[in-house]
Amino acid sequence: MAIKHAFQAEVSQLLHLIIHSLYSHPEIFLRELVSNASDALDKLKHLTLTQEEYKGVPFTPRIDISFDTKDRKTLTVSDTGIGMNDEELAANLGTIARSGTREFLSAMAADAKGGANLIGQFGVGFYSSFMVADRVEVVSRRLGEQKAWRWTSDGKGEFEISEAEREGCGTTVTLHLNEAGKEYADQWRSEEIIRKYSNHIAFPIHLHYDEKGEHGGRVEKTEQVNAALALWKRPAKDLKDEDYKEFYKTLTHDDEDPLLWMHVAMEGAIEYTTLFFIPSRAPFDLFRYDYRPGVKLYAKRVFITDDEKDLLPVYLRFVHGVIDSEDLPLNVSREILQQNRVLANIRSASMRKILQELGKLQKDRQKYQAFWKEFGRVLKEGLLQDFEHRDELLELVQWKSTAVEGWTTLAEYKSRMQKDQKAIYYLTGGQEASLRTSPLLAAWKRRGIEVLVMDDEIDEIVTPGIGTYLETPLKAVNRSATADDLATDEDKAKEKDSAGVVEKIKKALGDAVKDVRASVRLADAPSCIVLDDRDPSVQMQQILKSLGTKDMPEVKPILEVNPGHPIVVKLAGLADEAAVADASRLLLEQALLLEGAPLADPAGFVARLNRVLEKAL
Ligand code: ADP
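Keep in mind it's a predicted model, so treat the numbers as computed, not measured. Residue positions within a chain follow its written sequence, with the count starting from 1. Residue-level local features of this predicted model are given only where pLDDT is at least 70; pairs of side-chain atoms are given and counted only at 80 or more, and the full residue set underlies all totals for whole chains, interfaces and linings. Hydrogens and waters are ignored; side-chain quantities use all the structure's heavy atoms.

### Points about the overall build of the chain
Formally: For helices the rule is a DSSP run of H or I covering at least 4 residues; for strands it is a run of E covering at least 2, with both sets numbered from the N terminus onward. Radius of gyration here is computed from C-alpha atoms only, and the compact-globule reference equals 2.2 Å multiplied by the residue count raised to the power 0.38. For the exposure calls, accessible area comes from a 1.4 Å probe over protein chains only, and a residue counts as buried if that area is under 20% of its type's maximum, exposed if over 50%, partly exposed in between. It only takes one pair of heavy atoms within 4.5 Å for two residues to be counted as in contact. Only the protein chains shown count as cover for residues, and all accessible areas are computed by the Shrake-Rupley method using a 1.4 Å probe. By the counting rule applied here, Lys and Arg register as positive and Asp and Glu as negative, while His and the ends of each chain are not counted. Charged groups are reduced to one reference atom each: NZ for lysine, CZ for arginine, CG for aspartic acid, CD for glutamic acid.
Along the backbone of the chain there are 21 helices and 23 strands. Computed over the C-alpha atoms, the radius of gyration of the chain is 32 Å, more than 25% above the 25 Å expected from 2.2 N^0.38 for a compact globule of 617 residues. Taken along the three principal axes of its C-alpha coordinates, the chain extends 115 × 55 × 45 Å. Buried residues in the chain amount to 53% of all 617 residues. The long-range share in the chain, meaning contacts at least 24 apart out of those at least 6 apart in sequence, stands at 71%. In the structure as shown, the chain presents an accessible area of about 29500 Å², 51% of it carried by carbon and sulfur atoms. Within the chain, the 100 negative side-chain charges are centred at a point lying 3 Å from the centre of the 82 positive side-chain charges.

Next comes the structure, spelled out in structure tokens:
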């Protein structure tokens, strides 16, 4: 009996996008099916080698592709892999498990045009079959089970599961081709695609077709179309760029070429091969906790896992690829993996290699900027997580700056420093435009000293921990002590002279501030907010609050006033206490506004402003 199931809503949305041909290359359906078959063979191989109960199961891996050349109605991809039972069919081909993927799909479906652009990056896997077929049938038998099951669907909201027959475990996918799909039921066309997309698949792929025989009838032919050698095991000199690119696409479902790849074959105390890719574009789930790790682990070409997030550090989670070692046991469990010395060794060599290659990429400015735009933010996390590679990471990070267009590195900043400049200065806490116009920068502008403009939220967390770069300290412009670096003797004298007005404002503000100080850093602005060394910035406080951080001590601002500014000068001579109170408050409130802090008392602010305006007009 056939049981009807409805697709999960997001699967229906995905199918809708696919069927309405938002995808630019329908031919990739074959790559996706072959890649699934190869994964299923990988999993079976692993089980037959490691699980007692399956050790007797003969492993004869193969992928068979056939079609009827005459009517061009069907195309079939069959594997002798691990197979699926009825529950797995329903779960794997009817739902999308990862919440990140689900949310992404909902967002994509809501924006049909954006969807068209994004779907290529997303990779649609099995469901891509519906680009070329109006009905898809999957017959599968799970390893160790007697029953086989048939899954069928026209991709329009429902699928059906019923009992079926199948010899041995594995999966057969039959596509009932639509108009657009007919062209693939052709020997030359399909052979071309399979060669292009699947040459590096580690299992033999057999193509079945029929040809006109000598006596008019049709003769069946079978041909193995790939070398069935894991691509990463082939010497780099034998591989062309195209080979790497196609392998990358099979591995990631990404439709774009990778930005960079690195292929290392290590022979020595520990024998291993790694092949890593850096994508051209960030995946949608890069900043989600349930992101999909990009590296697959193999031992002696036997697949071990593709779901281990620890193969590379979290800040390199954008790297895709393969690690394969001769020195890993086949039956490693997760726990063992994490303590395995061989793997720890490979991991650390891989990190070094990836950072090195990124260093080389910096020489190609355009490419590096493309990389940085997509992954810079993730790489910066490394400064918090990986002290061992701190020096390498400090060469790789970039920020915007008041001195140059675009991005700049710390090395470049250093090369532009003035002779007596004491530190690398930076400003965090806001959008680029508001940082660039911040009154805090006036003193640096006046002296022509460059300031790094750090407009990424993570900068606030990362940068204070850097400390020094090649012995030069990094200093935040919005910290109260930093301005001392720039103060001349004349400035210091001015600060002293303004002690009276500072005291007056301080008294007026009471415990609304931590302190009031005279500042020579300001030019046109009458006041600004600065921080003590250890205090979190205004933006940071807001982030912490939005994260629901409890027991956050209230951090009171330090107000700096510009003793040369007419408002402050007038305040010094003002006797009316109410007017002093209003003006002092407004000096504080305007400085907070510029910092992007919400006003604590908007009604009071407006009342003060109106009193002052009334007098002025
Ligand atoms: P992905 O391969 O990215 O996970 P797919 O939509 O292509 O996404 O496949 C969904 C799941 O269905 C796979 O993860 C796998 O568990 C299962 N699957 C697909 N094809 C096969 C197959 N030929 N043999 C066994 N399992 C399969």
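### Focus: the nonpolar core
Inclusion rule: Nonpolar core, defined: a set of buried Ala, Val, Leu, Ile, Met, Phe, Trp, Tyr and Cys residues in which side-chain atoms within 4.5 Å join the residues together. How far each domain reaches was decided by an automatic or database domain assignment.
Core analysis: the biggest nonpolar cluster contains 77 residues, and Ile-278, Leu-316, Phe-318, Phe-371, Leu-379, Tyr-425 and Trp-444 have the highest contact counts within it. A total of eight residues in this core trace back to one element, the largest contributor, which is helix 9 (residues 341-361). Shared between two domains, this core takes at least three residues from each, and those domains are domain 2 (250-361) and domain 3 (489-532 + 546-616). When residues no more than four places from it in sequence are discounted, the contact partners of Phe-371 are Leu-259, Ile-278, Phe-318, Leu-358, Leu-361, Gly-376 and Leu-379. Counting 53 residues, the second largest nonpolar core, distinct from the first, contains Phe-67, Leu-75, Ile-161 and Tyr-197.

### Some details on the site of the ligand
Rules: Any residue with at least one heavy atom within 4 Å of a molecule or strand is counted as near it. Polar contacts, as used here, are pairs of N or O atoms within 3.5 Å; protein pairs need one atom able to donate a hydrogen and one able to accept it. Residues neighboring in sequence count only if both atoms are side-chain atoms.
Near the ligand the following residues occur: Asn-36, Ala-40, Lys-43, Asp-79, Met-84, Asn-92, Leu-93, Gly-125, Phe-126, Thr-171, His-253 and Arg-292. The contact in question runs from an oxygen atom of the ligand to an N or O atom on the side chain of Asn-36, over 2.8 Å. Take His-253: an N or O atom from its side chain is 3.4 Å from an oxygen atom of the ligand. Across the complex, the protein chains shield 80% of the 530 Å² of accessible surface that the ligand would expose by itself.

### Quick word on the pairing of strand 23 (residues 558-561)
Cut-off, in case you're wondering: A pair of strands is labelled paired if DSSP reports no fewer than 2 bridges between them.
Side chains Ile-558 and Glu-560 of strand 23 all project onto a buried face; the interleaved residues Leu-559 and Val-561 project onto the opposite face, where all are buried too. Sheet analysis places strand 21 (residues 515-518) next to strand 23, joined by four bridges and oriented parallel. Bridge pairing in strand 23 links Asp-515 to Ile-558. Where strand 22 (residues 527-530) meets strand 23, four bridges bridge the pair, whose relative direction is antiparallel. Following the sheet pairing, Val-530 is matched in strand 23 by Ile-558.

### Overview of the packing of aromatic side chains
Under the convention used in this document: Any two of the Phe, Tyr and Trp rings considered here, Trp counted by its six-membered ring, make a pair once their centres fall within 6.5 Å; the pair's planes then place it as stacked at under 30 degrees, edge-to-face at over 60, or tilted in between.
Considering all chains together, one arrives at 20 aromatic pairs under this definition. Between Phe-126 and Tyr-127, the ring centres sit 5.7 Å apart and the planes meet at 70°, which makes this aromatic pair edge-to-face. The two residues Phe-126 and Tyr-127 agree in class, both being buried. Relative to Trp-372, the ring of Tyr-368 lies with its centre 6.3 Å away and its plane at 25°, an arrangement referred to as stacked.

### Describing the confidence of the model for the chain
Rules: Confidence per residue, as judged by the predictor, is encoded in pLDDT with a range of 0 to 100.
Residue-level pLDDT values for the chain average 89, and 97% of them are 70 or greater. Mean pLDDT values over the elements of the chain span from 58, in helix 5 (residues 112-122), up to 98, in strand 11 (residues 272-278).

### Some thoughts on unusual backbone geometry
A positive phi angle is found at Arg-72, which is not glycine, with a value near 55°. When you line up the elements, Arg-72 lands in the loop between strand 2 (63-67) and strand 3 (74-79). The class for Arg-72 is partly exposed, based on a relative accessible area of 29%. Its identity is not glycine, yet Arg-301 carries a phi of approximately 70°, on the positive side.

### Quick notes on helix 21 (residues 602-616)
Since one α-helical turn is 3.6 residues long, residues separated by three or four positions face the same way. What counts, and what does not: Expected helix span is computed as 1.5 Å times (number of residues minus one). This arc corresponds to the set of directions leading from the helix axis out to the C-beta atoms.
Under the 1.5 Å per step criterion, the end-to-end length of helix 21 is 21 Å for 15 residues, consistent within 8% with the ideal 21 Å. Of the positions making up helix 21, those classed as buried are Gly-604, Phe-605 and Arg-608. Seen end-on, helix 21 carries its buried residues on one side only, within an arc spanning 105°. Relative to its buried face, helix 21 has exposed residues pointing more than 90 degrees away, namely Ala-603 and Glu-614. Against helix 20 (577-594) lie the buried residues of helix 21.

### Details of the packing of helix 17 (residues 499-509) against helix 20
Our working rule: Axis definition: a line fitted to C-alpha atoms, limited for helices to the stretch in contact. Angles are taken between N-to-C directions and run from 0 to 180 degrees. Angles below 35 degrees are treated as roughly parallel, those above 145 as roughly antiparallel, those between 65 and 115 as roughly perpendicular, and all remaining angles as oblique. Side-chain classes are defined by residue name, with Ala, Val, Leu, Ile, Met, Phe, Trp, Tyr, Cys and Pro counting as nonpolar, Asp, Glu, Lys and Arg as charged, and the others, Gly among them, as polar.
The geometry of helix 17 relative to helix 20 is characterised by a closest axis approach of 9 Å and an angle of 90° between their N-to-C directions. Classified by the angle between their axes, helix 17 and helix 20 sit roughly perpendicular to one another. Where helix 17 abuts helix 20, its residues Lys-504, Ile-505, Ala-508 and Leu-509 lie against Val-580, Ala-581, Ser-584, Arg-585, Leu-587 and Leu-588. Residue composition of the contact of helix 17 with helix 20, by class: seven nonpolar, one polar and two charged.

### Things to note about the sheet that holds strand 11
Ordered by their spatial adjacency, five strands build an open sheet running 10-11-14-12-13, and the pairing between neighbours is mixed. Looking at which strands have only one partner, the edges of the open sheet turn out to be strand 10 (260-266) and strand 13 (302-305). Averaged over all adjacent pairs, the angle separating strand axes in this sheet is 20°, with direction ignored. Examined bridge by bridge, strand 10 and strand 11 share seven bridges and lie antiparallel to one another. Counted as the bridge partner of Met-262 is Phe-276 from strand 11. Here helix 7 (residues 241-252) sits on the sheet and contacts strand 10, strand 11, strand 12 (295-299) and strand 14 (320-325); the angle it forms with strand 11, its principal contact strand, is near 80°.

### Side note on the side chain of Glu-595
Our working definition: Each reported salt bridge corresponds to a side-chain nitrogen of Lys or Arg within 4 Å of a carboxyl oxygen of Asp or Glu.
Assignment of secondary structure puts Glu-595 in the loop between helix 20 and helix 21. Buried charged residue Glu-595 carries no salt bridge. Nearest counter-charge: Arg-521, at 9.2 Å. Apart from residues lying up to four places away in sequence, Glu-595 is in contact with Leu-440, Ile-529, Val-538 and Gln-539.

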